[in-house]
Amino acid sequence: MITGTTGVAGPASAAPGDGPPHNGVGYFSGGSDRKVTLTDGADRRPDSERADSPKAAVDATGTGVYVVQLAEEPLTTYVGGTSGLTRTRPTPGNRLDVTSGPAQAYRRHLDAQRTAVAGAVGVQVKAAYTTAFNGFSAKLTAQQATALRADKRVRAVTAAQALGTRSKAPLAPAPGTSAPATTAGADPTTAEGAAKPAKPAKPGPATGAGMVIGVLDTGIWPESASFARKMPAPAGWRGTCQTGVAFVAEHCNGKIVGARYFADTWLAGGGSVPEGEVLSARDMAGHGTHTASTAAGLPISDVTIDGRRFDPISGVAPDAQIAVYKVLWGGMGYDADIIAGIDAAVADGVQVLNFSIGSELGDWEANTPIGIAFLNATLSGVFVAASAGNTGIVSGAISNAAPWVTTVGAAVTHLDEATVKLGDGTKLVGGSLDALPGGASRAMVFGERAGSPDLGAVYCEPGSLDPAKIKGKVVACALSDTFGSAAEVKEKGGAAMVLFDPVGNYRVNSIYNFPVVYLPTEKQAGILFNYLMRHPADATVSLRSGGDGSSVPGVPSVADFSSTGPDKVTFGVFKPDLVAPGSDIIAAVSPAGNFGRQYDAYSGTSMASPYVAGAAAILRATHPEWSPGAVASALRTTATDTVGTSSPLDQGSGFINLARAKDPGLVIEPTAAELTEFSETAAPDGKELNLPAISLREYDGTRPVTVTRTLTNVGRERETYRSAVSGLAGMKVTVTPASVTLAPGRSVTVTITLRRGSAPFDRYVTGSITWKGRAHNARIPVAARPWGISPRPYGDDGEEFGRMTSGSFGMIQPGFTGPLAGRSTGYTPVRRTSYSMPAGVYGGVFDPSASGVKKVDFTVPANTAGIIVEADTEDPNTNLDLYLYKGDTLVYSSDRYWTSLEQAYKFLPEPGRYTAYVFAQVPGAPVVDFELRHTIIGRNATYSPATLTLPPTTERGQSVNFTLKPNGPLAEGDFWAYTEWRTNGTVIPGNLVSTQQSAWQ
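What you are looking at is a predicted structure, and each value in this text was computed from that prediction instead of being measured. Sequence positions are assigned chain by chain, starting from 1 and proceeding in written order. Local features in a predicted model are, by the rule used here, given only for residues with pLDDT of at least 70; side-chain atom pairs are given and counted only at 80 or more, and totals for whole chains, interfaces and linings are based on all residues. No hydrogens and no water enter the side-chain calculation; it runs on all heavy atoms of the structure.

*Asks:* Before we move on, could you go through the nonpolar core and cite the residues and values that matter?
*Replies:* Ranked by size, the top nonpolar core spans 55 residues in total, and within it Ile 213, Phe 383, Val 612 and Leu 635 carry the most contacts. Helix and strand definitions follow DSSP, with helices as H or I runs of at least four residues and strands as E runs of at least two, each counted in order from the N terminus. Looking at this core element by element, the count peaks at nine residues for helix H10 (residues 605–622). Contact between two residues is taken to exist if any of their heavy atoms lie within 4.5 Å; hydrogens are not considered. Beyond its immediate chain neighbours, meaning those up to four positions away, Val 612 contacts Phe 383, Ala 385, Thr 406, Val 408, Leu 578, Ala 580, Leu 635 and Ile 656. Judged by nonpolar contacts, the second largest core, of 54 residues, contains Tyr 106, Leu 110, Trp 237 and Val 405. For the purposes of this section, nonpolar cores are sets of buried Ala, Val, Leu, Ile, Met, Phe, Trp, Tyr and Cys residues that join through side-chain atoms within 4.5 Å. The cut-offs for exposure are 20% and 50% of the maximum accessible area for each residue type, with area from a 1.4 Å probe on protein chains only; residues under the lower value are buried, those over the upper are exposed, and the others partly exposed.

Right, dumping it as structure tokens:
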């Protein structure tokens, strides 16, 4: 059964002897060897399981590399107080000068303190930090770590953490593989994708001239045409060009103004860098080169990849200069090395930092060592852009969620569609970046029928296909190693490949130098798979470039892989901050890690973040007096809604609009004191920060909430702004004063009061507040989730957490303090209906129109508390899946592979027609017998009476136990009820409560 990854079942003998006929394989029926690769060929496994991953920084005994943060401030934030040492923190509008007398004196003081602290526990410092972070990294025993935590001169001691790139880029072949590659130092004019520089625009603020963007990543490929310009170092630049393997001083030509690498912690764990890497700033993967050229690459007029020409490209800030800080090795790195890179970048004099790096499932705590380093960088005048992550399928998995970092999600800005027309006339719109054959239909064959199942023919894995069976045909392959599959089909004589994903994945295209169309959704996979099953010998297909726009809601739209908010860490800060182009982005890469290509298409929030970094460089050049907070505000308050959603949980403030950001009218930025207080709080909230957004997660919906925001006029003229509220259905929002008039440079603080009216509890309500002036508009997004009975750290993704409970022992966790009362509908029985249906394909893919699927309709009236549907079978050899739809929209899916007892539900559903589909994903016999159970619970209905027992009062966050017991005997079977809670006249939707009565009771 499909549970998030695809897999091939065992041989035919593993199937029941009396089962339906199939072709010796349960196509996607589960098993221990499930595929776990990304749609683009990059590795999707957890960081700890990747072959190129570093060893754990700290072993089971507590011995390993730690990051030690000392109590005194680094150079970026020291404001005086130590006898004989004057302030080093730059004043607003000025830059840190690490060469000044006060800075050198204070650094000597920090060096002495660090030596004393380390010496006190007998440890050797591996890396020392003084600029953006005061501390060091060192290999410690558990006892030494404990001793340092007890030292008053130490603020924190944390085990080094591993992080990785935030892209869904091909990154194939991986460094060290045998696929075609250009060796380090090769002549770029002979590599694939050689490009011609375009005539540059006149350098100036609009192109980022004079700005340095620091890129913390996998390094850079210096021979790329995107960096081929000699430029003088800008005023105030203090960086260096660190030479190393295949990287010489001449590679820092001014466009690349500096380069360094940091690998101390990595080397401490394994003694050497991963296979295929080199110990220098040279990029052997491509990710760092791609992000650097996206931010500040030169204009390129003729980009050719595998013989196919693409549109001209340019970095966002083509005249900005690039400082390289290689902190990742094989796509992974430790925070201890990354902090060293941040420290060096700030000391070198960058104005902008890009950080396309993050954790697998986002941040889990506030104020990490990297976060503190970025805070100090920000306070010294450095703007930080960072990627939000690529786990859009899981809400709340946001990386880089600190409020002083501009966290960037990815948007789709190019359709890049392709159409697959099956022999029965069905059209499926997917994506492709390759030239497609077009024209008449061709024969199509499923990979599994054209090779050896044991060798992975389902996935068209290398060596699995029979040339005689695929020559001249289009081959359909389930998603696994996409580049390996394309190479196999091409080598064996196939005409083209159609990739499909049985579990539904992400819309990500790659360039294969072979006709490939990718169908990313589970629905498309089901249609294609079942067509192939109906036409095992006569399937046909035609492929053409272009489509009808149905692959995405429109452009720009939030990419489906882009991580969505809110972040898991704080209630009062939601992320991402905004979205930028991040899908199918063509930019420079390293030939060593990209089939010898100089340019390639990558997708991910890794690609969106440098877009914002480049935009920030332009704003810094245009407005040198602006702080990083003002730049961030300008980018956010001028962003526009994407197509398909206006929710800030998805898009943040919206899609970047650089032209408007240059003249935003108003800015809303937090003070240094606010950010510092946040960073020093164990469990910060953040709603009090003067950010250009309002997040109220898990607030007490029985009371109003008041926040303030300070607006500053950065325009050239006096202007009057009037506030307007959009969205926020069921919320009462008051802005006082409703209208403000500001002269240039002047500020005013407004009070915003939000009250829950009819807005639902335990669900997000989103909208915005806009200050509208004569020449400018400034919009901030608002997201509010009043906590009724179910706190939840993530967003709304269709599931209601804490709603399903048992009458014998129920529990709620109210978000309010006060009296507590409740009522119930009493219990209504579950309806049971037995069905039989012919078996479909063994281990197949769900499609509503396929065999092996039973469709049952339900009508849900208005004011329904909940609908619950269950499917079950007594056949231990059958595995069922259950899908609940409203029209064409999937409401809930249940596909447990360890049981056939599947349950789908919807709390407070919209009225209308619902359809349950029961799918025999693994049929145990030619005819599948099962039982479908369902109940529809009216919110105000009266059923068999029951007694609700609960305490009379509650405190916010306190768990409350309750029972709901029938007043008299019930018939045999399952029953459901609805409960509702009240406090001081406020009604809060409650729980769906079950009970079961057996015949012997």
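*Asks:* Quick rundown of the packing of helix H6 (residues 369–379) against helix H14 (residues 672–679)? Include the residues and the values.
*Replies:* Angle between the axes and distance between the axes are the two parameters that describe a pair of packed helices. As a rule, the C-alpha atoms of each element are fitted with a line to give its axis, helices using only the stretch in contact, and angles between N-to-C directions run from 0 to 180 degrees. Where H6 contacts H14, the axes come no closer than 11 Å and their chain directions differ by 170°. Looking at the two axes, H6 sits roughly antiparallel to H14. Across from Ile 372, Leu 375 and Leu 379 in H6, the residues of H14 making contact are Ala 672, Leu 675, Thr 676 and Ser 679. Of the residues contributing to the contact of H6 with H14, the split by class is five nonpolar, two polar and no charged. Each angle receives one of four descriptions, namely roughly parallel if under 35 degrees, roughly antiparallel if over 145, roughly perpendicular if within 65 to 115, and oblique otherwise. Each residue gets one label: Ala, Val, Leu, Ile, Met, Phe, Trp, Tyr, Cys and Pro are nonpolar, Asp, Glu, Lys and Arg are charged, and the others, such as Gly, are polar.

*Asks:* So, the pattern of salt bridges: which residues are in play, and what are the values?
*Replies:* One side chain can pair with another of opposite charge once the charged atoms of both are near each other. One side-chain nitrogen of Lys or Arg within 4 Å of one carboxyl oxygen of Asp or Glu is enough to make a salt bridge. Across all of its chains, the model carries 28 salt bridges by this definition. The shortest N-O distance in the salt bridge between Glu 488 and Lys 492 comes to 2.6 Å. Here Glu 488 falls in the buried class, since its relative accessible area comes to 3%. Exposure remark for Lys 492: the relative accessible area of 16% places this residue in the buried category. Look at the salt bridges and you will find they share partners, linking Arg 832, Glu 870, Asp 872, Glu 931, Arg 933 and Asp 974 into a network.

*Asks:* Go over the environment of Val 987 with me, naming the residues and quoting the values.
*Replies:* Mapped onto the fold, Val 987 is located in strand E54 (residues 986–997). Beyond its immediate stretch of four places on either side in the chain, Val 987 contacts Phe 761, Arg 939, Glu 980, Trp 981 and Arg 982.

*Asks:* Lay out the packing of aromatic side chains in plain terms, naming residues and giving numbers.
*Replies:* The criterion for an aromatic pair is that two Phe, Tyr or Trp rings (for Trp, the six-membered ring) have centres within 6.5 Å, with stacked assigned to planes under 30 degrees apart, edge-to-face to planes over 60 apart and tilted to the rest. This model, assessed by the stated rule, comprises 19 aromatic pairs. Ring centres of Tyr 129 and Phe 133 lie 5.6 Å apart, and the angle between their planes is 80°; on these two criteria the pair is classed as edge-to-face. Cluster of aromatic residues (ring-pair linked, three or more members): Phe 846, Tyr 883, Tyr 885, Tyr 917 and Phe 919. Across from the ring centre of Trp 364, 4.2 Å away, lies the NZ or CZ of Lys 568, which sits over that ring. Comment: the charge-over-ring label is applied if NZ (Lys) or CZ (Arg) is within 6 Å of the ring centre and within 35 degrees of the ring normal.

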